[in-house]
Amino acid sequence: MDKIFENLNNKQIEAVKIIDGPVLVISGPGSGKTRCLTHRVAYLMSQNIEPANILAVTFTNKAAGEMRDRISSITEPVLSNKGSENHNTKYMIHSTLPLIGTFHSIGLRILRNEIPQLGYRRNFTVFDTDDQLNLVKRVMGELEIDVKSFNPRIVLSKISEVKTQLILPESYEPKDYYLETIARVYRAYQKELKELNAVDFDDLIVLPVQIFKQSEDTLEKYQEAWKYILVDEYQDTSYDQYIFINLLAKKYRNLFAIGDDAQSIYQFRRADIRNILNFQKDYPEAKIILLEQNYRSTKNIITAAQGIISQNKNQIQKSLWTDNNHGGKIIISETMNERHEASFVISKIEEFLRNGLTAKDFAILYRTHAQSRSIEEALIMSGYPYQIVGGLKFYDRKEIKDIIAYLKIIINPSDNLALERIYNVPSRGIGKSTLTKVREEKTNNLRPDIIASLAVYMKKETLPPKQRLAIAEFHKTLADISKTAETKNLGALIKYIIKRIKYEDYLKEFSLTKQSDYENFDDRMENLRELMTVASKYEDLPAKEGTERFLEELALLQDTDRVKSLTSNHTAGRIKSLKNDPAGKQVMTLMTTHASKGLEFPVVFIVGMEEGLFPHSRAVINPTELEEERRLCYVAVTRAKEHLIITYTRFRNIYGSHSMNLPSRFIGEIPANLVDYQLIDSFEDREEIIRY
DNA sequence: CTGTCGTTTATTTTT
DNA sequence: TAAACGACAG
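A brief look at the structure comes next. (Residues numbered from 1 in each chain as written. Chains lettered and ligands numbered in written order. Predicted model: local features only at pLDDT ≥ 70, side-chain atom pairs only at ≥ 80, totals over all residues. Heavy atoms only, no water.)

On a plain count of helices and strands, chain A comes out with 29 helices and 21 strands. Looking at chain A as a whole, 54% of its 692 residues are labelled buried. Taking the contacts inside chain A whose residues are at least 6 apart along the sequence as the reference set, 78% of them involve residues at least 24 apart. Entry remark: accessible area of chain A is about 32,000 Å², with carbon and sulfur atoms responsible for 50%. (Helix = DSSP H or I, 4+ residues; strand = E, 2+ residues; numbered from the N terminus. Buried < 20%, exposed > 50% of the residue type's maximum accessible area, 1.4 Å probe, protein only. Contact = heavy atoms within 4.5 Å. Areas by Shrake-Rupley, 256 points an atom, 1.4 Å probe, with all protein chains shown as cover.)

What follows is the structure in structure tokens.
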């Protein structure tokens with residue numbers, strides 16, 4: 001029990017101890033949010049609340065995983081004190097952890113049980129953003145809507161917007177011609193999804209809500225199961241997630257929400273800051289607790305951050321403070337252009353390295369991915385290893401998606417979107433028009449079944465023999481793969497697919513024609529091996545089941561291995577993957593400001609602090625978006641523990657064209673007495689700089 | 001059906 | 001700059 005309150009301040013203890021009724025905790029950056037959350041779960045368990053009655057919701061798998069680890073490390077000793085001689089204790093604890101998961105994984109879990117209520121089958125597939133976009137394009141094609149006047153990406157985002165407002169296709173009343181078109185696509189899109197026996201990411205929340213609304217019994221079942229609900233990052237919940245949680249919490253009202261309105265940076269992804277701002281209206285009896293003590297940063301950094309965020313109008317009143325030292329001044333440096341900026345950053349890093357810091361102590365943050373390039377080039381030139389977080393996702397890579405598409409077809413033969421991806425990969429003489437005809441082919445099946453359709457279609461007398469052959473061949477391939485899935489395990493199945501379709505040959509050719517060299521090919525093969533490593537987790541299961549679980553994990557775990565690790569320690573300019581670098585990670589980190597949320601580093605560089613870039617030019621016209629940019633800046637600044645270095649350039653090359661920039665307005669919001677300004681005109685080696 | 005060539009467009013992205 | 005898309009010829 002002592003252990004539960006160890007190292008907690010009074011506010012945190014208060015937040016941990018109020019068991020009954022709604023609680024809202026506003027937790028500033030570095031104020032021990034995760035600690036508060038995990039200790040609360042441990043406390044609930046120590047009060048004899050069944051773990052099965054506790055639900056903890058996070059936004060990322062990573063956060064969920066961390067929470068699980070930390071909770072078991074707190075609870076284990078507590079429980080083992082009670083029955084120290086019991087050898088089963090450890091096992092028991094592990095089996096009795098509460099359900100901790102992302103919104104989407106919890107939604108998925110509910111759907112696996114309840115989706116027949118909506119007329120889908122249980123083996124439905126989950127579509128990612130790519131699939132969604134393809135489906136929208138296809139639907140628009142069928143409705144003969146011109147993609148020039150209606151950009152499919154925008155159409156999709158509009159659909160998603162309507163959908164997450166929990167408006168069903170039938171009940172959507174568009175206000176004008178433009179929205180009328182969106183509505184048509186929305187209706188067709190949703191119908192098509194159901195036909196494909198697929199759900200998209202939004203559906204993982206929206207459909208459970210739909211079920212809860214139409215079946216009181218079902219809702220009650222889950223309300224009874226989860227009497228205690230905790231939600232992390234409450235400021236980032238969207239409307240549908242908000243309704244989802246509040247339906248579940250309605251009966252027992254034991255809702256614990258934690259978050260920080262000042263760190264809401266995902267409104268563009270429909271996070272609705274009002275959910276946290278209105279908590280008190282929703283739950284008038286709620287206890288509100290502010291965690292304002294920061295354990296992370298120096299006083300100077302905290303004061304600078306306050307200076308920035310205080311310019312925002314819309315926020316819950318609070319003031320961050322810290323017992324830490326004042327620390328050094330914040331360095332703000334003007335540079336000529338992005339090359340000069342990069343070399344300035346490196347010279348600074350070298351200075352810190354001389355003072356005993358190591359690579360992993362540094363983070364370089366930027367507003368957009370495009371900015372990483374100049375920094376990367378400079379790092380490669382000087383031979384410093386680094387890693388980039390985000391950018392290209394492992395499961396977004398072509399070779400991975402191709403193989404997964406084959407797996408998807410085996411599991412859900414209605415998924416003809418997966419078919420669309422690989423019907424001609426590797427190229428086998430089947431084209432778009434053939435595909436369309438196959439799709440329209442009627443089989444005796446009530447449900448569309450790709451393999452069956454192919455079997456029927458390949459017998460068509462009217463077809464030219466060449467095409468019949470191609471289709472028969474394709475059918476055989478899929479049938480063989482399907483048969484293999486009956487006997488082998490997942491790893492063997494993937495291997496079989498790669499061999500059966502001669503994927504390696506195809507990749508080799510593909511890599512060559514794409515004007516990139518063999519390096520590219522090697523990387524791709526390496527990725528496939530990596531895929532098999534992940535798949536080996538399921539080797540004890542029969543292929544069908546293993547594949548199902550695997551696909552499910554992939555759908556929800558889009559961000560595994562999102563770290564692209566690079567180093568230049570090898571031959572000049574040669575980029576080598578560090579993926580298998582065992583946790584050593586003696587590298588510095590480059591990432592967008594968004595990706596940095598929740599992390600901390602002794603030294604943080606924020607580069608490209610310019611009007612038009614940060615705040616981004618698209619955000620400056622809109623006051624709401626400008627406030628979000630400011631919160632983003634606040635997040636970036638508060639990542640720093642000891643040193644904060646901000647740079648901006650006078651001139652910048654972006655997308656191949658030149659532009660002249662002014663320093664960001666956010667720079668001016670930092671109290672001047674905390675800043676060590678380094679302007680170009682005051683540089684001693686001005687002549688040097690001109691060279692850049 | 002396939003490959004090439006010019007045109008277009010470009011934030012952020014926990015799932 | 002560079003990747004992604006669509007038009008068009010082979």
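Here the narrative resumes.
Taken together, Lys 137, Arg 373 and Tyr 655 make up the full set of residues adjacent to DNA strand C. Taken together, the sugar and phosphate atoms account for 56% of what DNA strand C places within 4 Å of the protein. At a separation of 2.5 Å, a phosphate oxygen of DNA strand C approaches a polar side-chain atom of Arg 373. (Near = heavy atom within 4 Å. Polar contact = N/O pair within 3.5 Å; in protein donor to acceptor, adjacent residues only side chain to side chain.)

Positionally, Arg 650 belongs in the loop between strand S18 (640-649) and strand S19 (651-654). Judged by its relative accessible area of 24%, Arg 650 is partly exposed. Those residues in contact with Arg 650 that lie beyond four places of it in its chain are Glu 334, Thr 335, Met 336, Ser 659, Met 660, Asn 661, Ile 680 and Asp 681.

For strand S2 (residues 54-58), the buried fraction is high: five of the five residues fall into the buried class. Burial along S2 is two-sided: Ile 54, Ala 56 and Thr 58 and Leu 55 and Val 57, pointing in opposite directions, are all buried. Pairing between S2 and strand S3 (residues 99-102): four bridges, direction parallel. Residue pairing for S3: Thr 58 is matched across the bridge by Thr 102. (Pairing = 2+ DSSP bridges.)

Here six strands make up an open sheet; going across it, the order is S3-S2-S6-S7-S1-S8 and the pairing parallel. The sheet is open, and its two borders are formed by S3 and strand S8 (287-291), each paired with just one other strand. When the angles between neighbouring strand axes are averaged without regard to direction, this sheet yields 15°. The pairing of strand S1 (residues 23-27) with strand S7 (residues 255-259) spans four bridges and is classified as parallel. For Val 25, the partnering residue across the bridge sits in S7 and is Ile 258. Sitting on the sheet, helix H3 (residues 33-46) is in contact with S1, S2, strand S6 (228-231), S7 and S8, with an inclination near 165° to S7. The strands that helix H12 (residues 239-249) touches are S2, S6 and S7; relative to S6, the one it contacts most, it runs at about 160°. (Axes fitted to C-alpha atoms, helices over the stretch in contact; angles between N-to-C directions.)

Let us look at the packing of helix H7 (residues 129-142) against helix H8 (residues 152-164). In helix packing, the relevant descriptors are the interaxial angle and the interaxial distance, both defined with respect to the helix axes. H8 packs onto H7 with a crossing angle of 105° between their chain directions and a minimal axis gap of 9 Å. Between H7 and H8, the angle is such that the two are roughly perpendicular. For the pair H7 and H8, contact is made by Thr 129, Gln 132, Leu 133, Val 136, Lys 137 and Met 140 and by Pro 152, Arg 153, Val 155, Leu 156 and Ile 159, respectively. Here the residues of the contact of H7 with H8 are counted per class, giving seven nonpolar, two polar and two charged. (Parallel < 35°, antiparallel > 145°, perpendicular 65-115°, else oblique. Nonpolar A, V, L, I, M, F, W, Y, C, P; charged D, E, K, R; others polar.)

The next subject is the nonpolar core. Among the nonpolar cores identified, the biggest contains 53 residues, and Ile 494, Tyr 503 and Phe 550 are the most heavily contacted of them. If one sorts the elements of this core by residue count, helix H18 (residues 398-411) sits on top with nine residues. Ile 494 has contacts with Ile 403, Leu 407, Leu 531, Met 532, Ala 535 and Phe 550, leaving out every residue within four places of it along the chain. If you look at the next biggest cluster of nonpolar residues, it comprises 36 residues, including Ala 305, Phe 614, Val 637 and Leu 644. (Core = buried A, V, L, I, M, F, W, Y, C linked by side-chain atoms within 4.5 Å.)

Between two aromatic rings, the relevant description is the distance of the centres plus the angle of the planes. Enumeration over the complete set of coordinates arrives at 15 aromatic pairs. Measuring from centroid to centroid gives 5.2 Å for Phe 150 and Tyr 178, while their planes differ by 20°, and the two rings are stacked. Taken together, the residues Phe 150 in the loop between H7 and H8 and Tyr 178 in helix H9 (residues 177-195) connect sequence positions 28 residues apart. For Tyr 178, a relative accessible area of 30% gives the class partly exposed. On the numbers, 6.5 Å between centres and 65° between planes, the contact of Tyr 172 with Tyr 186 is edge-to-face. Separated by 14 residues along the polypeptide, Tyr 172 in the loop between H8 and H9 and Tyr 186 in helix H9 bring together distant segments of the chain. Pairwise contacts between aromatic rings join Phe 59, Phe 103, Phe 212, Tyr 222, Trp 226 and Phe 244 into one cluster. (Phe/Tyr/Trp six-rings, centres within 6.5 Å; stacked < 30°, edge-to-face > 60°.)

Honestly, it's all geometry; don't read function into it.
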